[in-house]
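Listed here are the chains, written in short residue letters.
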Amino acid sequence: MTTDTTTAATASAPTTAITHIGQLVTNDPSLGEGPLGLIQDAAVVFDGDRIAWVGASSKAPATDNAVDAGGRAGLPGFVDSHSHLVFAGDRTAEFNARMSGRPYSAGGIRTTVAATRAATDEALHANVARYLAEGLRQGTTTQETKSGYGLTVEDEARALRIAAAHTDEVTFLGAHIVSPDYADDPAGYVDLVTGPMLDACAPHARWVDVFCEKGAFDGDQARAILTAGQAKGLVPRVHANQLGHGPGVQLAVELGAASADHCTHLTSADIDALAQSDTVATLLPGAEFSTRAQWPDARPLIDAGATVALSTDCNPGSSFTSSMPFCIALAVRDMGMTPDEAVWSATEGGARALRRTDVGRITPGARADLALLDAPSHVHLAYRPGVPLVSAVWHKGVLV
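Throughout what follows, the structure given in this document is the object of discussion. (Residues numbered from 1 in each chain as written. Predicted model: local features only at pLDDT ≥ 70, side-chain atom pairs only at ≥ 80, totals over all residues. Heavy atoms only, no water.)

**Topic: the nonpolar core**
What counts here: Residue types Ala, Val, Leu, Ile, Met, Phe, Trp, Tyr and Cys, when buried and joined through side-chain atoms within 4.5 Å, form a set referred to as a nonpolar core. Throughout this description, buried means an accessible area under 20% of the type-specific maximum (1.4 Å probe, protein chains only), exposed means over 50%, and partly exposed covers the range between. Note on conventions: DSSP H or I runs of at least 4 residues are helices, E runs of at least 2 residues are strands, and numbering of each starts at the N terminus. In what follows, a contact means two residues having at least one pair of non-hydrogen atoms within 4.5 Å.
Of all hydrophobic cores here, the largest spans 86 residues; its most connected members are Phe172, Phe217, Leu274, Leu301 and Leu310. If one sorts the elements of this core by residue count, helix H6 (residues 186-201) sits on top with seven residues. Once you skip the residues sitting within four places of it in the chain, Leu301 turns out to touch Leu266, Ile271, Leu274, Ala281, Leu283, Ala306 and Val308. With 17 residues, the next largest nonpolar core counts Ile18, Leu24, Phe46 and Leu370 among its residues.

**Remarks on the side chain of Arg91**
What counts is decided by this rule: Here a polar contact means two N or O atoms within 3.5 Å. Within protein one must be a hydrogen donor candidate and the other an acceptor candidate, and residues neighboring in sequence count only if both atoms are side-chain atoms.
Relative to the assigned elements, Arg91 resides in the loop between strand E6 (78-80) and helix H2 (92-99). Within polar-contact distance, the side chain of Arg91 engages the side chain of Glu94 at 2.7 Å. The residues contacting Arg91, other than those within four sequence positions of it, are Gly108, Ile109, Thr111, Thr112, Pro316 and Gly317.

**Focus: the sheet that holds E6**
Applied cut-off: Two strands pair under a simple rule: DSSP has to find at least two bridges between them. Helix axes are fitted to C-alpha atoms over the stretch in contact, other axes to C-alpha atoms as well, and angles between N-to-C directions run from 0 to 180 degrees.
Spatially, eight strands are ordered E6-E7-E8-E9-E10-E11-E12-E13 in an open sheet, and the strand pairing comes out parallel. Two strands in the sheet have a free side with no partner beyond their single neighbour: E6 and strand E13 (308-310). Each strand of the sheet is rotated relative to its neighbour by a mean of 25°, with strand direction disregarded. In this sheet, strand E12 (residues 280-283) lies alongside strand E11 (residues 259-262) in parallel orientation, the contact comprising three bridges. Residue pairing across strands places Ser259 opposite Val280, the latter belonging to E12. Helix-sheet contacts for helix H12 (residues 324-334) involve E6, strand E7 (140-146) and E13, and the interaxial angle to E6 is about 90°.

**Section: the packing of aromatic side chains**
When we look at a pair of aromatic rings, we describe it by the centre distance and by the angle of the planes. Which entries qualify depends on this criterion: By convention, a stacked pair of Phe, Tyr or Trp rings (six-membered ring in the case of Trp) has centres within 6.5 Å and planes under 30 degrees apart, an edge-to-face pair has planes over 60 apart, and any other such pair is tilted. Definition used: whenever NZ (Lys) or CZ (Arg) falls within 6 Å of the ring centre and also within 35 degrees of the ring normal, the charge is taken to sit over that ring.
One pass over the full model with this rule turns up eight aromatic pairs. Judged by centre distance (6.4 Å) and plane angle (65°), the ring pair of Phe46 and Trp394 falls under edge-to-face. Remark: Trp394 occurs in strand E15 (residues 390-395) and Phe46 occurs in strand E2 (residues 39-47); sequence separation between them is 348 residues. Among the aromatic residues, those joined into a ring-pair cluster are Phe87, Tyr131, Tyr149 and Phe320. Residue placement shows Arg237 over the ring face of Trp207; its charged tip is 4.3 Å from the ring centre.

**Observations regarding the packing of H12 against helix H13 (residues 339-353)**
Threshold: Oblique is the label for any angle not covered by the other classes, which are roughly parallel (under 35 degrees), roughly antiparallel (over 145) and roughly perpendicular (65 to 115). By definition, turning the near helix anticlockwise from the far helix through less than a right angle yields a left-handed crossing, and turning it clockwise yields a right-handed one. Nonpolar residues are Ala, Val, Leu, Ile, Met, Phe, Trp, Tyr, Cys and Pro. Charged residues are Asp, Glu, Lys and Arg, and all others, Gly as well, are polar.
It is at 9 Å that the axes of H12 and H13 come closest, and there the two elements cross at 140°. On the basis of their axis angle, the class for H12 and H13 is oblique. The chirality of how H12 crosses H13 is right-handed. Together, Met324, Ile328, Ala331 and Val332 of H12 and Pro339, Ala342, Val343 and Ala346 of H13 make up the contact between the two elements. When grouped by side-chain class, the residues that make up the contact of H12 with H13 number eight nonpolar, no polar and no charged.

**Looking at the pairing of strand E3 (residues 50-56)**
Residues in a regular strand project their side chains so that they alternate between the two faces of the sheet. Of the strand pairs in this sheet, E2 and E3 are connected by six bridges, and their pairing is antiparallel. Opposite Ala42, over in E3, you have Ala56 as the bridge partner.

**Observations regarding the environment of Arg158**
Relative to the elements of secondary structure, Arg158 occurs in helix H5 (residues 153-164). Residues contacting Arg158, with those up to four places away along its chain left out, are Thr116, Arg117, Ala119, Thr120, Asp121 and Leu124. At 2.8 Å, the side chain of Arg158 forms a polar contact with the side chain of Asp121.

**Focus on the state of the cysteines**
Keep this limit in mind: Two cysteine sulfur atoms make up a disulfide if the distance between them is within 2.5 Å.
Under the counting rule described, the total for this entry stands at zero disulfides. Among the cysteines around Cys314, which has no disulfide bond, Cys327 carries the closest sulfur, lying 9.3 Å off. A relative accessible area of 2% means that Cys314 is categorised as buried.

Right, here's the structure in full:
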């Protein structure tokens, strides 16, 4: 009976054709030209919340509804696989001081922890919704977000419940920094994270993450936290090699993590490990932009065959942007990526970092997520930085 009901619902869903897309990025080479699967004068047909057909406009089938894209470029909705949206407070003073010469360190997180603990559930829900809406207006249709600004059992579980009300991609980051409450007992905090906190948080999350960095958690602590999460059914992700060389990337590969995120300071062994694994190297240029730090270099990773994703790292301290187009422009300008590579990494790359096959591409069976640009080509995302080019977004088949 379930199958019959589902079939009937699918059959009754309205179909929509978006036609005369000047240049369409599909990320499916079987559908078009090159790695991006480019189709000129393309059409996409939605059947409810799924893509039913992709091809030339002249061959588009009849549908219930039709939208003429008027030659605008189209691409998959962006997949933002790394953000920290459950927070309260403001770190303008810290940013101002940093832009005046003070270096970035992990310690500023404590300011957000205090504000987040004091915030109401309603305020935190409103913040998450606000930043998700910001991203959606700029073409982001899939969003991961993390806890990490509570650092108590109750506050971390609360953050994850709030995150899960807004997105399916939820990450437990109790190991963001050692809680101020355990400043003199880091081992005790690791025990808390791997015990009662994990027990309370695992039911609300898909992923487990750790900030493996000087000033946060060392390699042994990070391994203990990630393996405990795995034992609870969570898949690892790792904040790795952001502030300096360290064990994060190698640990991510060793444990089969979905992604190693930041990857700013890499050795040749780190690059080789990523290239020979399924762990995605997620680069977060907003963090380097906002901290005046060394840029990640995507070129050696791509040339070695590693899978690279781009994400915003939207957070109040080190990368307060929700704009994937901005990150694409930074990656092309300062990280050695071509426009094609940056767009792929912000869509299909992000999907791979989340181990998703239903987003990040325009192909039959994928979720009906599509962004149109007020431009003839996706290259304009880097060519015209700072310009709000995203002019229409469909999410799950609905124009938003």
